[in-house]
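If you want the building blocks of each chain, they are given just below.
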Amino acid sequence: MVSIKGGRKRLMTGAIATATAGLALGAFALSGTANGATGTAEAAGVTKHAKPTIILEHGAFADGSSWNGVIADLRADGYPVVAAANPLRGPASDAAALRTVLDHVKGPKIVVGHSYGGNVISEAATGDPEVKALVYVAAFLPAPGESALELTNKYPGSTLPGALDPVTYQQADGSTATDLYIQQDKFHHQFAADVPARQAALMAAEQRPIAQAALEEKATTAAWKTKPSWDIITTEDLNIPPAVQRFMAERAHAHTTEVAASHSVAVSHPHLVADVIERAARTTVR
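Note that this is a predicted model, so its numbers are computed, not measured. (Residues numbered from 1 in each chain as written. Predicted model: local features only at pLDDT ≥ 70, side-chain atom pairs only at ≥ 80, totals over all residues. Heavy atoms only, no water.)

1. Some points on the pairing of strand β3 (residues 81-84)
The two faces of β3 match: Val 81 and Ala 83 on one face and Val 82 and Ala 84 on the other face are all buried. In this fold, strand β2 (residues 53-57) hands off to helix α3 (residues 68-76), which returns the chain to β3; that crossover is right-handed. (Buried < 20%, exposed > 50% of the residue type's maximum accessible area, 1.4 Å probe, protein only. Helix = DSSP H or I, 4+ residues; strand = E, 2+ residues; numbered from the N terminus. Right-handed = clockwise from strand over helix to strand, strands pointing away.)

2. Focus: the nonpolar core
Ranked by size, the top nonpolar core spans 50 residues in total, and within it Phe 61, Leu 98, Leu 134 and Ile 210 carry the most contacts. Looking at which element gives the most residues to this core, the answer is helix α4 (residues 91-104), with 4 residues. Sequence-distant contacts of Leu 134, defined by excluding residues within four places in its chain, comprise Val 111, Ile 121, Ala 125, Ala 223, Trp 224, Lys 227, Pro 228, Ser 229 and Trp 230. Core analysis: the next-biggest nonpolar cluster, separate from the first, contains 28 residues, Ile 54, Leu 56, Ala 274 and Ala 281 among them. (Core = buried A, V, L, I, M, F, W, Y, C linked by side-chain atoms within 4.5 Å. Contact = heavy atoms within 4.5 Å.)

3. Side note on the pattern of salt bridges
Oppositely charged side chains are able to pair whenever their charged atoms sit close together. Counted by the stated rule, this structure contains 6 salt bridges. Across the pair Glu 130 and Lys 109 runs a salt bridge, and its minimum N-O distance is 2.8 Å. In this pair, Glu 130 is assigned in the loop between α5 (117-124) and β5 (131-137) and Lys 109 in strand β4 (residues 109-114), connecting sequence segments 21 residues apart. Note on Glu 130: relative accessible area 30%, which makes it partly exposed. Across the pair Arg 282 and Glu 278 runs a salt bridge whose closest N-O atoms are separated by 4.0 Å. Of this pair, Arg 282 and Glu 278 both sit in helix α12 (residues 270-284), 4 residues apart, which is roughly one turn of that helix. The class of Glu 278 is buried, set by a relative accessible area of 5%. (Salt bridge = Lys/Arg side-chain N within 4 Å of Asp/Glu carboxyl O.)

4. A short note on the packing of α4 against α5
It is at 8 Å that the axes of α4 and α5 come closest, and there the two elements cross at 65 degrees. Seen from above, α4 lies across α5 with right-handed handedness. Residues Pro 91, Ala 92, Asp 94, Ala 95, Leu 98, Arg 99 and Leu 102 of α4 lie in contact with α5, whose contacting residues are Asn 119, Val 120, Ile 121, Glu 123 and Ala 124. Split by residue class, the contact of α4 with α5 holds 8 nonpolar, 1 polar and 3 charged. (Axes fitted to C-alpha atoms, helices over the stretch in contact; angles between N-to-C directions. Left-handed = near helix turned anticlockwise from the far one by under 90°. Nonpolar A, V, L, I, M, F, W, Y, C, P; charged D, E, K, R; others polar.)

5. A look at unusual backbone geometry
We note that Phe 61 has phi near 65 degrees; this positive angle belongs to a residue other than glycine. Among the structural elements, Phe 61 can be located in the loop between β2 and α3. Accessibility expressed as a relative area gives 5% for Phe 61, which makes it buried. One non-glycine residue with positive phi stands out, namely Leu 88, at about 65 degrees.

6. Some details on the sheet that holds strand β8 (residues 210-211)
A sheet is described by the order of its strands in space; here 3 strands give the open sequence β6-β7-β8, paired in antiparallel fashion. Lying at the two open borders of the sheet, with one neighbouring strand each, are β6 (164-170) and β8. (Pairing = 2+ DSSP bridges.)

7. Side note on the confidence of the model for the protein chain
On average, the protein chain scores 88 in pLDDT, and the residues at 70 or more come to 83%. Here helix α1 (residues 14-20) stands out as the least confident element of the protein chain, with mean pLDDT 37; β5 is the most confident, with 99. Within the model, the stretch residues 5-47 combines pLDDT values under 50 with 60 contacts to residues more than four positions away or in other chains. (pLDDT = per-residue confidence, 0-100.)

8. Brief notes about the packing of aromatic side chains
Considering all chains together, one arrives at 3 aromatic pairs under this definition. Ring centres 6.3 Å apart and planes at 85 degrees place the aromatic pair Phe 61 and Phe 191 in the edge-to-face group. A residue pair is termed long-range when its members are at least 10 positions apart, and Phe 61 in the loop between β2 and α3 and Phe 191 in helix α7 (residues 184-191) qualify at 130 residues. The same class applies to Phe 61 as to Phe 191, namely buried. Residues Phe 187 and Phe 191 carry aromatic rings whose centres are separated by 4.9 Å and whose planes lie at 35 degrees to one another, so their mutual orientation is tilted. Of this pair, Phe 187 and Phe 191 both sit in helix α7, 4 residues apart, which is roughly one turn of that helix. For Phe 191, a relative accessible area of 2% corresponds to the buried category. (Phe/Tyr/Trp six-rings, centres within 6.5 Å; stacked < 30°, edge-to-face > 60°.)

This is the structure:
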């Protein structure tokens, strides 16, 4: 286990960071360009291996922009990146949506999940030989038969229930369902305590809700049982208690890195998160 209190510092100009952050949608084209570049090198008699594509899956109360700083670092280091849109409706249906992305992007892939996104990647990556490694970022690593809610309550420490803002609505078939938000005035403390207050306020306004049923739905598969895994454990996390994160990481025999960070570690420590992802890529794709 590696224990880190802060991420690396990169020599990147503000212009480069601005140009690269949040450009995940261009990764499909970038993946093709990387393959084309490899072909050109091979035609010249030079052996060059394309880097794997990094697939990022956000969790509840967030969206793809939560990966912006991580994307900037990965792309600066030459990795194609796709930040997938997580519907946040349930592990099975969300995994089906993620598999459409995995199937579309050809070649080796490293799949990364934050928070509830860990449930999704654990199911979506099962049986996919092109997924070379999994990276869990303050995330759930459920075993078959476990739910996110069950795991959260395994050890004390989560203050999320008291910060939630449930919204019940009627579905097309007449039944009712409940979406969960975090109350905006509690978002900074609960979800992103180490993120600047102004940025956390934007995140609170932009948050996407998760279906309450998604947190109660039980996992059916666990890709971490057969694929090498890395795990970033956040010791200041108020959503998923650190003891729960350690339990799951140990059970999965994951390569772990602990950092004194909030649940929103990809925003507060993007360089650290990118470093762990690249370590997984270098270890498993040669």
